[in-house]
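Observations on the model geometry
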Amino acid sequence: MLNTPGIFSTIKLNEFIHITLCDETLHYFGGYYHVKVLAYCDLPLVEDYFDSKAEFEDAGKRMGESVRFERILEKMAVPEDEKIAVRSQLVDAFYETALAYLSVPGFAGRFVRTAYQKCINKPVNQRFSGV
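Quick summary incoming for the structure in this document. Predicted model, so just to flag it, every value in this text is computed and none were measured.

Rules and cut-offs
- Residues numbered from 1 in each chain as written.
- Predicted model: local features only at pLDDT ≥ 70, side-chain atom pairs only at ≥ 80, totals over all residues.
- Heavy atoms only, no water.
- Helix = DSSP H or I, 4+ residues; strand = E, 2+ residues; numbered from the N terminus.
- Buried < 20%, exposed > 50% of the residue type's maximum accessible area, 1.4 Å probe, protein only.
- Contact = heavy atoms within 4.5 Å.
- Areas by Shrake-Rupley, 256 points an atom, 1.4 Å probe, with all protein chains shown as cover.
- Salt bridge = Lys/Arg side-chain N within 4 Å of Asp/Glu carboxyl O.
- Core = buried A, V, L, I, M, F, W, Y, C linked by side-chain atoms within 4.5 Å.
- Pairing = 2+ DSSP bridges.

Observations concerning the overall build of the chain
A tally of helices and strands in the chain yields three helices and five strands. Each helix and strand of the chain, ordered N terminal to C terminal, gives the series β-β-β-β-α-β-α-α. Sorting the 131 residues of the chain into buried and exposed places 34% on the buried side. Counting contacts in the chain only where the partners sit at least 6 residues apart, residues at least 24 apart contribute 59% of the total. Carbon and sulfur atoms provide 51% of the accessible area of the chain, an area that totals close to 7900 Å².

Regarding unusual backbone geometry
One non-glycine residue, Ala77, lies in positive phi territory at about 55°. Relative to the assigned elements, Ala77 resides in strand S5 (residues 66–79).

Points about the pattern of salt bridges
In total, this model carries five salt bridges according to the counting rule given. Taking the shortest distance from any N to any O, the salt bridge between Glu57 and Lys53 comes out at 3.8 Å. Of the two residues, Glu57 and Lys53 are both situated in helix H1 (residues 53–63); the distance of four residues between them amounts to about one turn of the helix. Given a relative accessible area of 49%, Lys53 falls into the partly exposed group. A salt bridge links Asp58 to Arg62, with the shortest nitrogen-to-oxygen separation between them at 2.8 Å. Of the two residues, Asp58 and Arg62 both sit in helix H1, four residues apart, roughly one turn of that helix.

What to know about the side chain of Thr20
Turning to its location among the elements, Thr20 is positioned in strand S2 (residues 18–23). On the basis of relative accessible area, Thr20 is assigned to the buried category, the value being 11%. In this structure, Thr20 is in contact with Ile7, Ser9, Thr10, Leu38, Ala39 and Tyr40, ignoring residues within four places of it in sequence.

Let's talk about the nonpolar core
Ranked by size, the top nonpolar core spans 32 residues in total, and within it Ile19, Leu21, Leu43, Met63, Phe94 and Leu102 carry the most contacts. Mapped by element, the contributors of at least two residues to this core are S2, strand S4 (32–44), H1, S5, helix H2 (83–102) and helix H3 (107–120). The contact partners of Leu102, leaving out residues within four places of it in the chain, are Leu13, Ile17, Ile19, Phe69, Phe94 and Phe107.

Focus: the pairing of S2
Extensive coverage of S2 is indicated by the burial of five of its six residues. Hairpin geometry of strand S1 (residues 6–12) and S2 is characterised by an intervening segment of five residues between the two adjacent antiparallel strands.

In structure tokens:
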């Protein structure tokens, strides 16, 4: 059954990229469900990702020790007897699309640098919440 949210899979792509898949399916109405899978990975800040030690230290102060990559895979109004099949289809589509670019060498560094650039363009009093 998919009634309780929880981790159902972890994909280790390399040293830094471990994608966790969580089932967050909820009852929608009647016999229908909102099938939802959260795919996420916390990417650590690594000094090599930055142009200088000062930039790395600033990123750590602004963003903490890691940056979260996440994608929500979902489909609304799924009949109860189709929940498992739809979840499998969503995860298969994620494997076919997202894993290709997550596996590219240098993805983690580019993602962290982009998150840092977005962070430095925000006012200082706003907390970083991810990309």
